[in-house]
Amino acid sequence: MRKAQIAIGIVVALAAFAAADFYLNNLGKDLNLDSTPVEPVTQNPQPAPILSAFKVGDQVEGFKVVSQVVTQQVFDKVDLAGVKNIQVVKTELEKAPIAPAAIPTIPETNAPANPTPTVAEAEPLTIYEIQGPRDQGALTYLAIKLQFVAQTNATTETINEDAKFGDNSFFYNDQNLATTSFLLTQKGDNLYAFRFNKKSADTYESVQKIIQSLTPKP
């Protein structure tokens, strides 16, 4: 009887050891024991939206906004990187092409009887929006004007102050670009610089209307 009890005890002990061994061997199967560091999954950051008085696709006084970009220059010439606490947004606009009226003419020999009128080239307009600190518009205007004075050629380039536009304004003139107008005006905290065709009276009128429509933020 005692031998039977001993045998049963041995069997139970062996079974317990076997069960423990099985448990320990399978314990690590569900665990990630790989010591290789896992790189975090990163998403491509979305570009910050451009805050501006204009948006791509807008219709502005007969012009359409076609592109915008943040830059550090005005008129693609005067670098404003040294002026603190400002952001410059360059906005490109185009006027819708207009087909010139057909002028009746007497067809010459071998010339087409009804010539097709060509489409006039679209009129460009560029606006540089200089966003400055709150309630410091006059100081921002002065800082920008000083950058023009420091970076322009006194022989071929001039600055003419003009009080007709906004709170402060001046025309920048470049003898090498005699057909291009450059106008910079302050409206409240922000400044707006316009580059357009000097010979286009319609574009000049549109620029005046755009300036009038720019209401400073309260």
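Look up: the structure comes first, before these words.
What comes next is a walk through the structure. (Residues numbered from 1 in each chain as written. Predicted model: local features only at pLDDT ≥ 70, side-chain atom pairs only at ≥ 80, totals over all residues. Heavy atoms only, no water.)

1. Side note on the overall build of the chain
Just so we agree on the cut-off: Starting at the N terminus, helices and strands are each numbered in turn, a helix being any DSSP run of H or I of at least four residues and a strand any DSSP run of E of at least two. Buried, partly exposed and exposed residues are distinguished by accessible area as a fraction of the type maximum, computed with a 1.4 Å probe on protein chains only: under 20%, between the cut-offs, and over 50%, respectively.
A count of helical and extended segments in the chain gives three helices and ten strands. Burial statistics for the chain: of 218 residues in total, 28% are counted as buried.

2. Concerning the sheet that holds strand E2 (residues 63-71)
Here is the rule: A pair of strands is labelled paired if DSSP reports no fewer than 2 bridges between them. Residue contacts are defined here by distance: any two heavy atoms, one from each residue, within 4.5 Å place the two residues in contact. Inter-axis angles, ranging from 0 to 180 degrees, are taken between N-to-C directions of lines fitted to C-alpha atoms, where helices are fitted over the stretch in contact.
Sheet architecture is open: eight strands sit in the order E1-E2-E5-E6-E10-E9-E8-E7, paired in antiparallel fashion. Every other strand in the sheet has two partners, leaving strand E1 (59-60) and strand E7 (157-161) as the edge strands with one partner each. Bridging between strand E5 (residues 87-95) and strand E6 (residues 124-131) involves eight bridges; their strand directions are antiparallel. Looking at the pairing, Gln87 lines up with Gln131 of E6. Its contacts with the sheet place helix H3 (residues 201-213) against E1, E2, E5, E6, strand E9 (180-187) and strand E10 (190-197), and it is angled at close to 170° to E10.

3. Description of the environment of Tyr128
Cut-off, in case you're wondering: Here a polar contact is taken to be a pair of N or O atoms separated by no more than 3.5 Å, where protein atoms must pair a possible hydrogen donor with a possible acceptor and residues adjacent in sequence count only if both atoms sit in side chains.
With respect to the helices and strands, Tyr128 occurs in strand E6. Residue classification places Tyr128 among the buried positions, given a relative accessible area of 0%. Along the primary structure Tyr128 and Phe194 are separated by 66 residues, whereas in three dimensions their C-alpha atoms are 6.5 Å apart. Sequence-distant contacts of Tyr128, that is, excluding residues within four places in its chain, are made with Gln73, Val74, Phe75, Asp76, Val88, Val89, Lys90, Leu191, Tyr192, Ala193 and Arg195. A polar contact of 3.4 Å, which involves the side chain of Tyr128, links it to the side chain of Arg195.

4. Quick look at the pairing of E9
Among the eight residues in E9, seven count as buried, and that is most of the element. What sits between the antiparallel neighbours strand E8 (residues 168-174) and E9 is a turn of five residues. Bridge count for E9 against E10 is eight bridges, and the pairing is antiparallel. Residue pairing in the sheet places Thr180 in a bridge with Asn197 of E10. Once E9 ends, the chain turns through two residues before running back antiparallel as E10, passing Gly188 with a positive phi of about 70°.

5. With respect to H3
The condition is simple: Multiplying 1.5 Å by the residue count of a helix minus one yields the expected span of that helix. The arc in question is the one traced by the directions running from the helix axis out to the C-beta atoms.
When the terminal C-alpha atoms of H3 are compared, their 19 Å separation across 13 residues agrees well with the 18 Å that a helix rising 1.5 Å per residue should span. Listed as buried for H3 are Thr203, Ser206, Val207, Ile210 and Ile211. Seen end-on, H3 carries its buried residues on one side only, within an arc spanning 140°. Every exposed residue of H3 that faces more than 90 degrees away from the buried side is listed here: Ala201 and Gln212. Next to the buried residues of H3 lie E1, E2, E6, E9 and E10.

6. Focus: the pattern of salt bridges
Rules: Definition used for salt bridges: Asp or Glu carboxyl oxygen within 4 Å of a side-chain nitrogen of Lys or Arg.
Scanning the model with the defined rule gives seven salt bridges in all. Measuring nitrogen to oxygen at the nearest pair gives 3.1 Å for the salt bridge that ties Lys90 to Asp76. A residue pair is termed long-range when its members are at least 10 positions apart, and Lys90 in strand E5 and Asp76 in the loop between strand E3 (73-74) and strand E4 (78-79) qualify at 14 residues. The partly exposed category is assigned to Asp76, whose relative accessible area is 39%. One salt bridge in this structure joins Asp76 and Arg195, with 3.4 Å as the shortest N-O distance. Highlighted residues: Asp76 in the loop between E3 and E4 and Arg195 in strand E10, separated in sequence by 119 residues.

7. A closer look at the environment of Tyr192
Inspection of the secondary structure assignment puts Tyr192 in strand E10. According to the relative accessible area criterion, Tyr192 is buried, its value standing at 6%. For the pair Tyr192 and Ile127, spaced 65 residues apart in sequence, the C-alpha to C-alpha distance is 6.6 Å. Discounting chain neighbours no more than four positions away, the residues touching Tyr192 are Ala53, Phe54, Ile127, Tyr128, Glu129, Leu183, Leu184, Thr185, Lys187 and Leu214.

Such coordinate-based values are descriptive only and should not be taken to indicate function.
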